[in-house]
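Secondary and tertiary structure notes
Below, each chain spelled out in residue letters.
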Amino acid sequence: MTATNKEPKASIEAELYELSMPGRLIGKEVLDNRARRIGIVRSIRIALHPTRSELIVKGAEVEFPVDFSKVDAVGTVVQLNSVVKDAEEIEVHDVIRLQKEVLDDIKSYLGAS
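We now turn to the structure provided with this report. Every chain is numbered independently, its residues counted from 1 as its sequence is written. Residues qualify for local features only when their pLDDT is at least 70, as the model is predicted, and side-chain atom pairs are given and counted only at 80 or more; totals for whole chains, interfaces and linings, by contrast, use all residues. For side-chain calculations, the full set of non-hydrogen atoms in the structure is used, while hydrogens and water are omitted.

1. Some points on the pattern of salt bridges
For this document, the term salt bridge refers to a Lys or Arg side-chain nitrogen within 4 Å of an Asp or Glu carboxyl oxygen. Scanning the model with the defined rule gives 13 salt bridges in all. Residue Arg-36 pairs with Asp-32 through a salt bridge whose shortest N-O separation is 3.0 Å. Two residues, Lys-58 and Glu-101, come together in a salt bridge whose shortest N-O distance is 3.5 Å. Taken together, the residues span a long stretch of sequence, with Lys-58 in strand 4 (residues 52-59) and Glu-101 in helix 1 (residues 92-110) at a distance of 43 residues. Via salt bridges that share partners, Glu-13, Glu-15, Arg-42, Arg-45, Arg-52, Glu-54, Lys-58, Glu-63, Asp-94, Arg-97 and Glu-101 belong to a single interconnected network. Elements are defined by DSSP. Helices are runs of H or I of four residues or more, strands are runs of E of two residues or more, and each kind is numbered from the N terminus.

2. What about the packing of aromatic side chains?
Both the distance between ring centres and the angle between the ring planes are used here to describe each pair of aromatic rings. Stacked, tilted and edge-to-face are the three classes applied to pairs of Phe, Tyr and Trp rings, where Trp contributes its six-membered ring and a pair requires centres within 6.5 Å; stacked means planes under 30 degrees apart, edge-to-face means over 60, and tilted covers the rest. Across all of its chains, the model carries 1 aromatic pair by this definition. For the ring pair Tyr-17 and Tyr-109, a centre distance of 5.4 Å and an interplane angle of 55 degrees mean the geometry is tilted. Of this pair, Tyr-17 sits in the loop between strand 1 (12-16) and strand 2 (29-31) while Tyr-109 is found in helix 1, placing the two residues 92 residues apart along the sequence. Per-residue accessibility, obtained with a 1.4 Å probe over protein chains only, is compared with the maximum for each type, and a residue is labelled buried under 20%, exposed over 50%, and partly exposed between these values. On the basis of relative accessibility, which here comes to 29%, the residue Tyr-17 falls in the partly exposed class.

3. Overview of the pairing of strand 6 (residues 71-74)
Two strands qualify as a pair provided DSSP detects at least 2 bridges between them. Pairing between strand 6 and strand 7 (residues 78-80): 3 bridges, direction antiparallel. Counterpart to Ala-73 in the pairing with strand 7 is Gln-79. Where strand 6 hands over to strand 7, the hairpin turn is made up of 3 residues, counted between the paired strands.

And the structure:
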């Protein structure tokens, strides 16, 4: 009899950031399909085993993943093709505050002041 290894493979994940704010994705406003401003893109997460890619959206007091299949368009904003019920609508001044928070986080990861 031969033994087989049935242990699941460990998931490998990476979070990606851009060094400018807003960047091509990071820091852009995210709108759901009802045109509600629900947050900004904080980072991009990719994973293997299982393979997936998602945006991490930072909203008012909440962060949540959005699978890339739910992204309808990327331009001056990121437009989703679905409703996000778990996120409150935010205002323009919230977007500016969230962008500053994300930029400060990125700087702290890099050890910059």
